[in-house]
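# Coordinate analysis (summary)
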Amino acid sequence: MRAELLIALLIVPLAVTACGDDDGDGASLPTVDCTPPVPTFAEVRAFRSNCINCHSIQLTDNSRQGAPVGMDYDVYASAAAVAEATARTVYEGSMPPSGGLFPADKDVLYRWSLCGAPP
Ligand code: HEC
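Below or above, wherever it landed, is the structure these notes cover. The structure presented is a predicted model; accordingly, all values stated were derived computationally and were not measured. (Residues numbered from 1 in each chain as written. Predicted model: local features only at pLDDT ≥ 70, side-chain atom pairs only at ≥ 80, totals over all residues. Heavy atoms only, no water.)

In a packed pair of helices, the relevant descriptors are the angle between the two axes and the axis-to-axis distance. In the contact formed by helix 4 (residues 83–92) and helix 5 (residues 103–114), the axes pass within 8 Å of each other and the chain directions differ by 150°. The angle between helix 4 and helix 5 places the two elements in the roughly antiparallel class. Remark: the crossing between helix 4 and helix 5 carries left-handed chirality. Note on element contacts: helix 5 touches helix 4 through Lys106, Leu109, Tyr110, Trp112, Ser113 and Leu114, opposite Ala83, Glu84, Thr86, Ala87, Val90 and Tyr91. Among the residues forming the contact of helix 4 with helix 5, the class breakdown is 8 nonpolar, 2 polar and 2 charged. (Axes fitted to C-alpha atoms, helices over the stretch in contact; angles between N-to-C directions. Helix = DSSP H or I, 4+ residues; strand = E, 2+ residues; numbered from the N terminus. Parallel < 35°, antiparallel > 145°, perpendicular 65-115°, else oblique. Left-handed = near helix turned anticlockwise from the far one by under 90°. Contact = heavy atoms within 4.5 Å. Nonpolar A, V, L, I, M, F, W, Y, C, P; charged D, E, K, R; others polar.)

Printed below as a string of structure tokens:
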């Protein structure tokens, strides 16, 4: 009995920790502090400085440089729809393709993306 209880006490926190870093498909997400105030969409500077040169509703065809049509970081609903993928790609370093985000800008992007993506 005591051994079973001990095992349960050890396993539960491990499972909870795994949920925080992993959404189940093997993708990694940063750990964020969602204490208010969470940044608003307009406050995510990185979208304007590092994303909309490809992911913009203003851009069509080749000017998107391959960025999926309809995935635009100058349109709130579009960005909010891919909030988790936004944090994941930046955290993993695949977006923006050239890298180079300032750490402070990344932090704001992560908190917006993973704390409810407020408008
Ligand atoms: C130079 C052009 C370019 C810039 C700048 C760029 N992207 Fe992308 N993005 C792409 C291309 C091309 C794809 C589709 C191919 C791919 O998935 O790698 C893509 C796909 C994506 C995807 C979907 C891929 C997935 O794995 O879910 C997300 C999310 C994304 N970009 C986020 C961002 C964010 C956030 C920024 C800014 C921090 C950004 N991108 C900047 C070109 C760009």
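Turning next to the site of the ligand. Lining the immediate surroundings of the ligand are 19 residues, of which Cys51, Cys54, His55, Arg88 and Met95 lie closest. His55 is positioned such that a nitrogen or oxygen atom in its side chain is 2.8 Å from a nitrogen atom of the ligand. A distance of 3.1 Å separates an oxygen atom of the ligand from a polar side-chain atom of Arg88. Sorting the residues of the shell around the ligand by element identifies helix 2 (45–51) and helix 4 as the ones contributing at least two each. Here the shell around the ligand takes 5 residues from helix 4, the largest share from any one element. Here the shell around the ligand is built from residues that sort into 11 nonpolar, 7 polar and 1 charged. (Near = heavy atom within 4 Å. Polar contact = N/O pair within 3.5 Å; in protein donor to acceptor, adjacent residues only side chain to side chain.)

Coordination of the iron atom of the ligand by the protein involves His55 (NE2) and Met95 (SD), with metal-donor separations of 2.0 to 2.3 Å. Coordination at the iron atom of the ligand is octahedral, judged from the 6 donor atoms that bind it and the angles of 86 to 178° they form at the metal. Of the two residues, His55 is situated in the loop between helix 2 and helix 3 (76–81) and Met95 in the loop between helix 4 and helix 5; the sequence distance between them amounts to 40 residues. (Donors = N, O, S within 2.8 Å, 3.2 Å for Na, K, Ca; no water. Tetrahedral: all angles 85-135°; square planar, octahedral: opposite > 155°, others 65-115°.)

Below, the discussion takes up the state of the cysteines. Going through the model one piece at a time under the given rule, you end up with 1 disulfide. A sulfur-sulfur distance of 1.9 Å marks the disulfide that ties Cys34 to Cys115. Between Cys34 and Cys115, the S-S torsion sits near -80°, and that sign places the bridge as left-handed. Of this pair, Cys34 sits in the loop between helix 1 (2–21) and helix 2 while Cys115 sits in the segment after helix 5; the two residues are 81 residues apart in sequence, bridging distant segments of the chain. (Disulfide = S-S within 2.5 Å.)

We now examine the packing of aromatic side chains. Under the counting rule described, the total for this entry stands at 7 aromatic pairs. Geometrically, the ring pair formed by Phe47 and Trp112 is edge-to-face, given 5.4 Å between the ring centres and 85° between the ring planes. Within this pair, whereas Phe47 is found in helix 2, its partner Trp112 is found in helix 5, the two being separated by 65 residues in sequence. A relative accessible area of 1% means that Phe47 is categorised as buried. Its relative accessible area of 0% is what places Trp112 among the buried residues. With a centroid separation of 6.4 Å and 80° between ring planes, the pair formed by Tyr76 and Trp112 is classed as edge-to-face. Of the two residues, Tyr76 sits in helix 3 while Trp112 sits in helix 5, which places them 36 residues apart along the sequence. On the accessibility criterion, Tyr76 (30% relative accessible area) is partly exposed. The structure contains a cluster of three or more aromatic residues connected by ring pairs, namely Phe41, Phe47, Tyr73, Tyr76 and Trp112. (Phe/Tyr/Trp six-rings, centres within 6.5 Å; stacked < 30°, edge-to-face > 60°. Buried < 20%, exposed > 50% of the residue type's maximum accessible area, 1.4 Å probe, protein only.)

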